[in-house]
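Single-letter residue listing:
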Amino acid sequence: MSRLVVVSNRVADPRKAAAGGLAVALGDALNTAGGLWFGWSGTVIEGGAPGEGELHQQKAGTVTLATVDLCAEDHADYYLGYSNSVLWPVFHYRLDLARFDAGYFGAYRRVNRLFARQLLTLLRPDDIIWVHDYHLIPLADELRALGATQRIGFFLHVPLPPQQLLAAIPQHEWLMHALFAYDLVGFQSEADLENFSRYVRAEAGAEDLGDNYYKAFGRTVQAGAFPIGIDVDEFAALTHGKDAREMYERMKDEYSRRQLLLGVERLDYSKGLPQRLRAFKALLKKYPENLRSATLIQIASPSREAMDTYTDLLQELESLCGAINGDFGELDWMPVRYMHRNVARKRLPGLYRVARVALVTPLRDGMNLVAKEFIAAQDPADPGVLILSRFAGAAEQLKDALLVNPYDTDGMADTIQRALQMPLQERQARHQTLLKNIREQDVHWWRMTFLKALGAAARG
Ligand code: GDG
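Going along each chain's sequence as written, the residues are numbered from 1 onward. Per-residue local features are limited, in this predicted model, to residues with pLDDT of at least 70; the limit for side-chain atom pairs, both in listing and counting, is 80 or more; totals at the level of whole chains, interfaces and linings are taken over all residues.

1. A short note on the environment of Gln425
Then, number 1: Under the DSSP-based scheme used, a helix requires at least four consecutive residues in state H or I and a strand at least two consecutive residues in state E, with every element numbered from the N terminus. With respect to the element layout, Gln425 can be found in helix H15 (residues 424-440).
Then, number 2: Overall, the presence of 8 C-beta atoms within 10 Å leaves Gln425 in the exposed class.
Then, number 3: Expressed as a C-alpha distance, the spacing of Gln425 and Asp382, which sit 43 residues apart in the sequence, is 9.1 Å. Here the C-beta atoms are placed from the backbone, and a residue counts as buried if at least 20 other C-beta atoms lie within 10 Å of its own, exposed if 12 or fewer do, and partly exposed otherwise.

2. A few points about the sheet that holds strand E9 (residues 213-216)
Then, number 1: Two strands are counted as paired when DSSP detects at least two bridges linking them. Ordered by their spatial adjacency, 10 strands build an open sheet running E3-E4-E2-E1-E5-E6-E7-E10-E9-E8, and the pairing between neighbours is mixed. Among the strands making up the open sheet, the edge pair consists of strand E3 (55-60) and strand E8 (207-210). In this sheet, adjacent strand axes meet at a mean angle of 25° when their direction is disregarded.
Then, number 2: The pairing of strand E1 (residues 4-10) with strand E5 (residues 128-132) spans four bridges and is parallel. Within E5, the position partnered with Leu4 by the bridge is Ile128.
Then, number 3: Packed on one face of the sheet, helix H2 (residues 72-91) meets strand E2 (36-45) and strand E4 (63-71) and runs near 100° to E4.
Then, number 4: Each residue gets a C-beta atom placed from its backbone, and two residues are in contact if those atoms lie within 7 Å. Where helices are involved, their axes are fitted lines through C-alpha atoms of the stretch in contact, as for all axes, and angles between N-to-C directions lie from 0 to 180°. Relative to the sheet, helix H16 (residues 443-456) contacts E5, strand E6 (151-155), strand E7 (184-187) and strand E10 (219-225), its axis offset from that of E6 by approximately 140°.

3. Observations concerning the sheet that holds strand E13 (residues 336-339)
Then, number 1: A sheet is described by the order of its strands in space; here six strands give the open sequence E13-E12-E11-E14-E15-E16, paired in parallel fashion. Each end of this open sheet is capped by a strand with a single partner; those strands are E13 and strand E16 (402-404). The sheet shows a mean angle of 20° between the axes of neighbouring strands, direction not considered.
Then, number 2: Bridge count between strand E14 (residues 357-360) and strand E15 (residues 385-389): four bridges; the pairing is parallel. Note on E15: the bridge partner recorded for Leu359 is Ile387.
Then, number 3: The strands touched by helix H14 (residues 409-420) within the sheet are strand E11 (260-266), E14, E15 and E16, with E16 carrying the most contacts at an inclination of about 170°.

4. Considering the pairing of E4
Then, number 1: For E4, the tally of buried residues reaches seven of nine residues, placing the bulk of the element in the interior.
Then, number 2: With seven bridges connecting them, E2 and E4 associate as parallel partners. Along E4, the bridge assignment pairs Phe38 with Ala66.
Then, number 3: Relative to E4, E3 runs antiparallel, the two being bridged by six bridges. Looking at the pairing, Leu55 lines up with Val68 of E4.
Then, number 4: Between the antiparallel neighbours E3 and E4 lie two residues, among them Gly61 with a positive phi of about 65°.

5. What to know about the site of the ligand
Then, number 1: Taken together, 22 residues form the shell around the ligand, and within it Ser301, Arg345, Gly366, Met367 and Leu369 come nearest.
Then, number 2: Among the elements of the structure, E11, strand E12 (295-301) and helix H13 (369-377) are those that each provide at least two residues to the shell around the ligand.
Then, number 3: Lys, Arg, Asp and Glu make up the charged group, whereas Ala, Val, Leu, Ile, Met, Phe, Trp, Tyr, Cys and Pro make up the nonpolar group; the residues left over, Gly among them, are polar. Counted by class, the shell around the ligand contains 10 nonpolar, seven polar and five charged residues. Any residue whose C-beta atom, as placed from the backbone, lies within 6 Å of a molecule or strand is termed near it.

6. A closer look at the nonpolar core
Then, number 1: Here a nonpolar core is just a set of buried residues of the types Ala, Val, Leu, Ile, Met, Phe, Trp, Tyr and Cys, joined wherever their C-beta atoms sit within 7 Å. Core analysis: the largest hydrophobic core is formed by 146 residues, its most contacted members being Leu262, Ala358, Ala371, Leu386, Ile387 and Leu388.
Then, number 2: Ranked by residue count, the leading element in this core is helix H3 (residues 102-120), at nine residues.
Then, number 3: Domain extents, as shown, originate in an automatic or database domain assignment. Mapping this core onto the domain boundaries places at least three of its residues in each of domain 1 (4-229 + 443-456) and domain 2 (232-439).
Then, number 4: Excluding its chain neighbours within four sequence positions, the residues that come into contact with Leu388 are Val360, Ala371, Ala394, Ala395, Leu398, Ala401 and Leu403.

Here it is in structure tokens:
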């Protein structure tokens with residue numbers, strides 16, 4: 001059995017319950033065959049040399065965690081710069097927020113080269129390598145240049161924008177060319193796959209060989225949509241755990257008389273937070289029966305705080321929440337409870353379960369796992385309602401959610417009202433289908449489908 005090598009910008013110990021996300025998703029697969037997880041250590045070395053970084057290795061059960069430090073300049077230009085000031089905004093359709101600084105691209109190449117060089121020393125001939133996300137698009141190309149012949153797959157966790165947007169990145173051709181060094185490229189949704197197919201045909205004259213194989217730049221690659229899921233059973237178990245139950249009991253008393261709406265995400269401009277608050281305000285205006293009753297708890301966990309775009313958003317949110325509470329609040333009721341903090345993962349399901357409505361309304365999202373976690377945490381006998389943006393990858397699968405356009409403030413207010421008034425029978429029926437959706441395509445399905453396709457991909 002081949003060893004699995006996972007490469008992602010950040011590495012986590014898959015044994016730690018607090019890890020969540022990718023760590024939970026890949027933990028099993030890595031554990032099974034004694035895998036290797038490689039990435040940035042999270043350490044920034046002040047005054048270190050660009051393109052250089054020490055390699056550290058540590059055992060976490062059967063898994064080896066191998067990490068590389070970055071110098072301050074590489075962290076600024078590769079991570080905050082090219083990855084999060086160019087690729088993140090453009091891939092989320094936000095050209096207005098992108099900063100095409102001259103130094104960023106050089107650092108992106110340099111760090112990918114550094115990672116390739118360090119990773120190569122750890123590789124075995126029959127390893128299967130799975131590279132994750134936009135920070136590492138050129139990694140396979142760099143590995144190939146050093147002679148690596150292993151199977152290498154890539155999964156993009158964020159959306160791939162349409163050709164005309166992608167083409168705004170000065171190095172768009174270089175990036176897409178680099179994708180052809182993989183044996184398999186996976187996207188979250190059919191829409192992303194369609195954008196890839198259109199781009200490579202229009203910009204690179206790619207030949208469509210059928211079965212999602214494309215030939216361009218003298219190379220062949222297979223592409224596919226592999227929507228990521230959650231571990232439904234693990235999340236259900238968390239929901240019935242002590243911490244989540246405590247959270248549920250505590251909140252239930254307070255909200256038995258009120259209707260709780262909930263938003264949970266990293267504080268990020270892709271998540272549509274100001275739009276959501278405006279829709280909530282419109283709800284209170286248009287449907288005054290919700291005054292003194294509907295309460296929105298918004299958890300916005302801190303993210304990328306070193307960046308101006310994120311601090312600007314923070315200020316905008318604080319001012320919007322303050323204005324709504326000032327205009328509509330009463331001495332014994334505040335419409336918005338906003339928390340710019342992280343809630344412990346073990347407690348999160350308790351909050352999901354007490355909510356009558358979840359507002360998952362990003363302007364763009366690769367998938368969105370909060371939507372799936374919310375479904376998994378509900379009581380099937382009395383489930384809450386999921387309001388989901390049509391622009392989240394998850395909307396392709398979760399058709400029984402109430403789908404909204406987050407730019408349509410009034411439309412969103414009407415949908416919230418509908419959710420608050422939805423009869424029990426309809427809530428149960430919708431939840432049943434949604435639960436089936438997230439069970440059928442859960443995280444194990446995602447991982448196995450991707451790895452099976454990678455193992456079977458024709459070598460080009
Ligand atoms: C990227 C893509 C894609 C959030 N706040 C807290 C907290 N979280 C956890 C959630 C969930 C995870 O973080 C967020 O995952 P999402 O999928 O919603 O969003 P991104 O972080 O943007 O992830 C996304 C994903 O990759 C996977 O491919 O779905 O589209 O953008 O698990 O629960 N966890 C805790 N406290 C918080 O306050 N503990």
